[in-house]
Amino acid sequence: MLFWKKKSKPQETTESVSIDRENIPQHIAVIMDGNGRWAKKRNLPRIAGHKEGMSTVKRIAIAADELGVKAMTLYAFSTENWKRPTEEVSFLMKLPGDFFGTFMPELQERNMKIQLIGFIDELPESTKQVVLKAVEDTKDNTGMVLTFALNYGSRAEIIEATKALANEVKSGEISVEDINDEVFASKLQTSFLGNLQDPDLMIRTSGEVRLSNFLLWQLAYSEYYFTDIFWPDFSEEDLHKAILTYQGRHRRYGGLA
């Protein structure tokens, strides 16, 4: 149960809240937004914001793991992000190497399992090799699944899933009547998560209030949490606030409480 501990002050009070450890979202998805604006606010190049955001990934992943979150999916690079300046895209393609080169020992120590969604074959070969090696190196780990969405777009994912089912119908492997939510979800890129495939909580930073082509099918009944905080400034305390907001909601899935 939640409890509120109030500090005695003559006027306003600062409240600290305890998270209900029995009601932790099992899968948290994050749209990590605001790196460029964080840098601009400090008169730094946009790439400085992306570098700082990389450190935030580590901090938040560890904080989630310590709370008992079983899966975290991070929107790292969308299919639309190729439209950004060449210099910025090139830097973003190097970040996975920096991230895993720096943090892999700690990820291994924490038994985290790295996974990927997105159209990985379209990434630069050096980036592709780095991320696939991270998946291979952690394939036997049994802790929190940390999934990076790289060159990912949900509409394209859904179209590919539809094509796969259409081919199975055409070949006679299944009938049209066999297709339901479960069958369709099995063709999505997140199917390796099994019953954790649909996030319980989606967090988006930087003040934007949209999904931006992220997990459109999987987020159908997720709880959404939007914050004005830029991703590099998103702290462990901010994660706790998002989870507390989640815990204060009633998930009815279209039914009645």
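Before any of the text, the structure's been laid out above.
If you're wondering where the values come from, they're calculated on a predicted model, not measured in any experiment. (Residues numbered from 1 in each chain as written. Predicted model: local features only at pLDDT ≥ 70, side-chain atom pairs only at ≥ 80, totals over all residues. Heavy atoms only, no water.)

Enquirer: Summarise the packing of aromatic side chains; cite the residues concerned and give the values.
Expert: Using the criterion set out here, one finds 11 aromatic pairs in the structure. Centroid distance F99 to F103: 5.1 Å. Interplanar angle 70°. Geometry classified as edge-to-face. You can see F99 and its partner F103 sitting in helix α3 (residues 86-109), 4 residues apart, about one turn around the helix. There is no split in this pair, since F99 and F103 are both buried. (Phe/Tyr/Trp six-rings, centres within 6.5 Å; stacked < 30°, edge-to-face > 60°. Helix = DSSP H or I, 4+ residues; strand = E, 2+ residues; numbered from the N terminus. Buried < 20%, exposed > 50% of the residue type's maximum accessible area, 1.4 Å probe, protein only.)

Enquirer: Any details on α3? Residues and values, ideally.
Expert: Along its 24 residues, α3 runs 36 Å from first to last C-alpha, staying within 8% of the 34 Å computed at 1.5 Å per residue. At F103, α3 shows its strongest bend, of approximately 60°, with the proline P105 following within four residues. Of the positions making up α3, those classed as buried are E88, V89, F91, L92, M93, L95, P96, F99, F100, F103, M104 and L107. Residues of α3 that are buried sit in contact with α2 (46-67), β4 (71-78), β5 (113-117), α4 (125-137) and β6 (145-152). Note on α3: the residue one or two positions beyond its end, N111, has a positive phi of about 65°. (Expected span 1.5 Å × (residues − 1). Bend = angle between axes of the 7 residues up to and from the residue. Contact = heavy atoms within 4.5 Å.)

Enquirer: Could you give an account of the sheet that holds strand β8 (residues 223-226), with specific residues and numbers?
Expert: The strand order across the open sheet formed by 6 strands is β5-β6-β4-β3-β7-β8, and the pairing between neighbours is parallel. Two strands lie at the open edges of the sheet, namely β5 and β8, each paired on one side alone. Taken pair by pair, the neighbouring strands of this sheet meet at an average axis angle of 20°, ignoring direction. As judged from the 5 bridges shared by β5 and β6, these two strands associate in the parallel manner. Bridge pairing in β6 links L116 to F148. Where α2 meets the sheet, it contacts β4 and β6, and its direction lies at approximately 160° from that of β4. Sheet strands in contact with α4 are β5 and β6, and its direction is about 135° off that of β5. (Pairing = 2+ DSSP bridges. Axes fitted to C-alpha atoms, helices over the stretch in contact; angles between N-to-C directions.)

Enquirer: Got a sec to walk through the packing of α2 against helix α7 (residues 236-247)? Specific residues and values, please.
Expert: Relative orientation of the contacting elements α2 and α7 amounts to 50°, with a least axis distance of 9 Å. When the axis of α2 is compared with that of α7, the two are oblique. Like other packed secondary-structure pairs, α2 and α7 cross with a definite hand, here right-handed. The segment α2 lies against α7, with R59, I60, A63, A64 and L67 engaging E236, L239, H240 and I243. Its residues assigned to classes, the contact of α2 with α7 comprises 6 nonpolar, 1 polar and 2 charged. (Parallel < 35°, antiparallel > 145°, perpendicular 65-115°, else oblique. Left-handed = near helix turned anticlockwise from the far one by under 90°. Nonpolar A, V, L, I, M, F, W, Y, C, P; charged D, E, K, R; others polar.)

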